[in-house]
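# Structural overview
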Amino acid sequence: MTETRIALLPDRGVVSVTGEDAEHFLDNLVTNDVSALKQPGDATHAALLTPQGKILFEFFVVRTGAGYLLETALTQTAPLAKRLGMYKLRAKVEIKDAVGEVVVAALQGDVRARPGNAIAFVDPRTDKLGDRVLIPAPLVGEAISLTGARRMTPETYHAMRIAAGVPEAGVDYPLGDTFPHDADFD
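The notes below deal with the structure included here. Predicted model, so just to flag it, every value in this text is computed and none were measured. (Residues numbered from 1 in each chain as written. Predicted model: local features only at pLDDT ≥ 70, side-chain atom pairs only at ≥ 80, totals over all residues. Heavy atoms only, no water.)

### Describing the sheet that holds strand 4 (residues 55–63)
The strand order across the open sheet formed by five strands is 3-4-5-2-6, and the pairing between neighbours is antiparallel. Only two strands of the sheet have a single neighbouring strand rather than two, namely strand 3 (43–49) and strand 6 (94–97). On average, each strand axis in the sheet is inclined to that of its neighbour by 30°, with strand direction left out of account. One ladder, built from seven bridges, connects strand 3 with strand 4; its direction is antiparallel. Within strand 4, the residue paired with Ala-46 across the bridge is Phe-59. Most of the contacts of helix 2 (residues 77–88) go to strand 2 (residues 12–18), to which it runs at about 20°, and overall it touches strand 2, strand 3, strand 4, strand 5 (67–73) and strand 6. (Pairing = 2+ DSSP bridges. Helix = DSSP H or I, 4+ residues; strand = E, 2+ residues; numbered from the N terminus. Axes fitted to C-alpha atoms, helices over the stretch in contact; angles between N-to-C directions. Contact = heavy atoms within 4.5 Å.)

Set out below in structure tokens:
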């Protein structure tokens, strides 16, 4: 039995995209097939590209009951929400920077339980990084106690990410100057 460990990732944030056109809206903008995400908790790793095909924003797209959550670098949540708003036009979508409402965590090991409102998904880049968990901010303490997980530092998580060969935008490659294949998106 593997020890369960959890790391809160304060350098990550969330943008919410909801509304009846959310799926179509995102499917026409991002690099991966959002329509393939059928159930709440289904996730993919995607990017929003410049007209030249370089990565402008990198994020996980996670299906929820009401739409999608885009988990990205904390410094990119407001610019991502603003950029998506530029493409909104007449689409029936609501785009919201959800920083402070949702906490991002990485969870490794045997997962016993999660609070009902947390959304967990296997990191689609590699199974070596375990699960990502998007936890409503008021439930963070409950989430940690329910998992029975031992806390690990964000630095420990990032060391595991680096050891697994998974680059992170803005840290391991520059945004706006990197093509998806140069950042291991394939």
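The rest of the description comes next.
### Structural notes on helix 4 (residues 154–163)
In an α-helix there are 3.6 residues to a turn, and that puts residues three or four apart on one side. Residues of helix 4 that are buried include every one of Pro-154, Tyr-157, His-158, Met-160 and Arg-161, and no others. All buried residues of helix 4 project into a common sector of 155° when viewed along the axis, lining one side. Projecting away from the buried face of helix 4 at angles above 90 degrees are the exposed residues Glu-155, Ile-162 and Ala-163. Buried-residue contacts for helix 4 involve strand 1 (5–8), strand 7 (102–108) and strand 9 (131–136). Trailing helix 4 by a residue or two, Gly-165 shows a phi angle of about 75°, which is positive. (Buried < 20%, exposed > 50% of the residue type's maximum accessible area, 1.4 Å probe, protein only. Arc of directions from axis to C-beta.)

### Concerning the sheet that holds strand 1
Hydrogen bonds between backbone groups are what pair the strands of a sheet, and the pairing can be parallel or antiparallel. Pairing in this open sheet of five strands is mixed, and the strands run 8-9-7-1-10 from one edge to the other. Each edge of the open sheet carries a strand with a single partner, namely strand 8 (119–122) and strand 10 (150–151). Pairing of strand 7 with strand 9 involves six bridges; the strand directions are antiparallel. Pairing of Ala-105 across the sheet is with Val-133, part of strand 9. Packed onto the sheet, helix 4 meets strand 1, strand 7 and strand 9 and runs at close to 105° relative to strand 1.

### What to know about the nonpolar core
Counting 22 residues, the largest nonpolar core has Phe-25, Leu-26, Phe-59, Val-61, Leu-70, Leu-80 and Leu-84 as the members making the most contacts within it. Elements with a minimum of two residues in this core: strand 2, helix 1 (22–27), strand 3, strand 4, strand 5 and helix 2. The element contributing the most residues to this core is strand 4, with four residues. Residues in contact with Phe-59, not counting those within four places in the same chain, are Val-30, Thr-44, His-45, Ala-46, Ala-47, Leu-48, Leu-70, Glu-71, Thr-72 and Leu-80. Of all hydrophobic cores here, the second largest spans 18 residues; its members include Ala-7, Val-14, Val-104 and Val-166. (Core = buried A, V, L, I, M, F, W, Y, C linked by side-chain atoms within 4.5 Å.)

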